[in-house]
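# Structural overview for review
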Amino acid sequence: MVIIREIKSSNGAIHYLLREMESGAERKWIPPKSLKKTQHEDILYHLGTLLEQQAKLRNKTVPEAEDSAAPDLTDSTVRAVSAAFLSFKEDDGLAEYTRSNWQSCLRARILPAIGDMQIQDVRPKHILLFLNSLKKEGLSHGTVVKYYLVLQQLFAFAKTFEEVDEDIMLKVERPAPRKDEPVTNIVESYTAETIKKILCCLEKEPVKWQTYIRLLAYTGMRRGECLGIAWDDVNFSACTVTIRHNVGRTKEKGLYITTTKNRQTRVVDVDRSTMFLLLQMFAVQKGPWVFENAKDHTQPM
């Protein structure tokens, strides 16, 4: 349990003192002037969570002995700060797919490399050596940049929560492509001729797949958005579909339904042939979703 005290100085400035009751560990937090008072509660909650995690970690790693020195519970390993970082981002509305990707990057390579270091001891050279090791491993430039961006977010979080005095990632340049790795900005897309061939082949497929592919081809909606269409979103008379949901799937969470990528609802026009296919599906389905799950009609595919 963590107790939080707000302390106001004579000049009106405030700071907070957090104390973990079981271990007695304390930490002081001075909120940056750029933060509004309404944002303090959220950050203090996560600081308290981090303090509890640190106490549990120390209790596990330090043997209980009468003559052992009391552990410094104010230290923070990269591993402990990463757990608080992911928790904070999840509560802050980070998309589940993005959170899962960040967590995978941390677990796969970042934490095995620097997870046991105290975060205030990490220097730019450690990050550079880590990123160079990814290049030597043969990972693509895009993948290396993804690890760089996760580290950038992690250390910005640590700076905000005063786990480090400076954001060391400001001193680490974004990785450049390897000289032997081709770089292209060409966006791959189907030609009109290829689309015609696909639609021709679709004529022999079940109505569900005809509808699904035609919606993607003619509206440009994302895969998850297409799977997130409910019958309430289909306007047969106006020949439109309202995009308001996105269906995703991660190993940790399984199937989940969320908002669109930009969290905005939009209406798209649909051609009459595709609307006729939707009408055929509507006549035989029982669930609320256009592309319903075969095992559970109350869930999307």
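Each remark here, short or long, concerns the structure printed above.
The text that follows walks through the structure, step by step, so that each part is easy to find. (Residues numbered from 1 in each chain as written. Predicted model: local features only at pLDDT ≥ 70, side-chain atom pairs only at ≥ 80, totals over all residues. Heavy atoms only, no water.)

## Here's the deal with helix α4 (residues 124-136)
In plain terms, the rule: Every helix listed is a DSSP run of H or I at least four residues long, and every strand listed is a run of E at least two residues long, numbered separately from the N terminus. By this rule the span expected of a helix is its residue count minus one, scaled by 1.5 Å. Note on classification: 1.4 Å probe, protein chains only; a residue is buried when its accessible area is under 20% of the maximum for its type, exposed when over 50%, partly exposed between these limits. Regarding the arc, it is the one traced by the directions from the helix axis to the C-beta atoms. Any two residues having at least one pair of non-hydrogen atoms within 4.5 Å are treated as being in contact.
Helix length check: α4 (13 residues) gives 18 Å between terminal C-alpha atoms against 18 Å at 1.5 Å per residue, within 8%. Listed as buried for α4 are Pro124, Ile127, Phe130, Leu131 and Leu134. Down the axis of α4, the sector holding all buried residues measures 130°, keeping them to one side. Seen from the open side of α4, the exposed residues pointing more than 90 degrees away from its buried face are Lys125, Leu129 and Lys136. As for α4, its buried residues are in contact with α3 (96-114) and α5 (141-160). Downstream of α4 by a residue or two, glycine 138 has a phi angle that is positive, lying close to 95°.

## Things to note about the packing of aromatic side chains
Quick note on the threshold: In this analysis, rings of Phe, Tyr and Trp, with Trp reduced to its six-membered ring, are considered paired at centre separations within 6.5 Å, and the interplanar angle assigns stacked below 30 degrees, edge-to-face beyond 60, and tilted for intermediate values.
By the definition in use, this model includes 9 aromatic pairs. Ring pairs connect the aromatic residues Phe85, Phe88, Trp102 and Phe157, which therefore count as one cluster.

## Examining the layout of surface pockets
Put simply, the rule is: A 1.4 Å probe that fits but cannot get out identifies a cavity on a 1 Å grid over protein atoms alone, an open set with protein on both sides within 12 Å along at least five of seven lines counts as a pocket, and a residue lines either if it has an atom within 4 Å of a point. Grid points are joined across faces, edges and corners, and a volume is the space filled by probe spheres set on the points. Gly falls in the polar group here, along with every residue not listed as nonpolar (Ala, Val, Leu, Ile, Met, Phe, Trp, Tyr, Cys, Pro) or charged (Asp, Glu, Lys, Arg).
Space inside the largest pocket adds up to approximately 900 Å³. In terms of lining residues, the largest pocket is bounded by 27 residues, among which Tyr97, Asn246, Gly248, Tyr256 and Thr258 are the most central. If you list the elements that add at least two residues to the lining of the largest pocket, you get α3, α8 (223-227), β6 (246-250) and β7 (254-258). Tallied by class, the residues present in the lining of the largest pocket amount to 9 nonpolar, 9 polar and 9 charged.

## A word on a nonpolar patch on the surface
Here is the rule: Think of a patch as exposed residues, more than 30% relative accessible area, with no salt bridge, where like charges cluster within 9 Å and nonpolar side chains (Val, Leu, Ile, Met, Phe, Trp, Tyr) cluster within 5 Å. Accessible surface area values rest on a Shrake-Rupley calculation with a 1.4 Å probe, where residue burial reflects the displayed protein chains alone. Note on definitions: salt bridges are taken to be side-chain nitrogens of Lys or Arg within 4 Å of carboxyl oxygens of Asp or Glu.
On the surface, Met1, Ile3 and Met21 cluster together to form a nonpolar patch covering roughly 310 Å² of accessible area. For methionine 21, the location among the structural elements is in the loop between β2 (14-20) and β3 (26-29).

## Some remarks on the nonpolar core
One broad trend across soluble globular proteins is that nonpolar side chains are buried collectively. Stated precisely, the cut-off is as follows: Take the buried Ala, Val, Leu, Ile, Met, Phe, Trp, Tyr and Cys residues and link them wherever side-chain atoms come within 4.5 Å; each set so joined is a nonpolar core.
In this structure, Ile110, Ile127, Leu131, Leu151 and Phe155 are the most contacted members of the largest nonpolar core, which totals 45 residues. Only β2, α1 (37-61), α2 (78-91), α3, α4 and α5 provide two or more residues apiece to this core. When residues of this core are assigned to their parent elements, the largest contribution, 9 residues, is made by α5. Not counting residues up to four positions away in its chain, the partners in contact with leucine 131 are Val144, Tyr148, Val172 and Pro175. Formed by 19 residues, the second largest nonpolar core is a distinct cluster that contains Leu215, Met275, Met281 and Val290.

## Description of the sheet that holds strand β5 (residues 240-243)
Where we set the bar: The criterion for strand pairing is that DSSP finds at least two bridges linking the strands in question.
Taken together, the 3 strands give an open sheet; going across it, the order is β4-β5-β8, and neighbouring strands pair in antiparallel fashion. Among the strands making up the open sheet, the edge pair consists of β4 (234-235) and β8 (266-269). Here β4 runs beside β5; their pairing, made up of 2 bridges, is antiparallel. Pairing of asparagine 235 across the sheet is with threonine 240, part of β5.

## Remarks on the packing of α3 against α5
The condition is simple: Orientation is described by lines fitted to C-alpha atoms, with helices fitted over the stretch in contact, and by angles between N-to-C directions that extend from 0 to 180 degrees. Any angle that falls under 35 degrees is termed roughly parallel, while one over 145 is termed roughly antiparallel, one within 65 to 115 roughly perpendicular, and all others oblique.
Where α3 meets α5, the closest approach of the two axes is 10 Å, and the angle between their N-to-C directions is 85°. Our classification of the angle between α3 and α5 gives roughly perpendicular. Across from Trp102, Cys105, Leu106, Ala108, Arg109, Ile110 and Ile114 in α3, the residues of α5 making contact are Lys146, Tyr147, Val150, Leu151, Gln153 and Leu154. In the contact of α3 with α5, the residues fall into 10 nonpolar, 1 polar and 2 charged.

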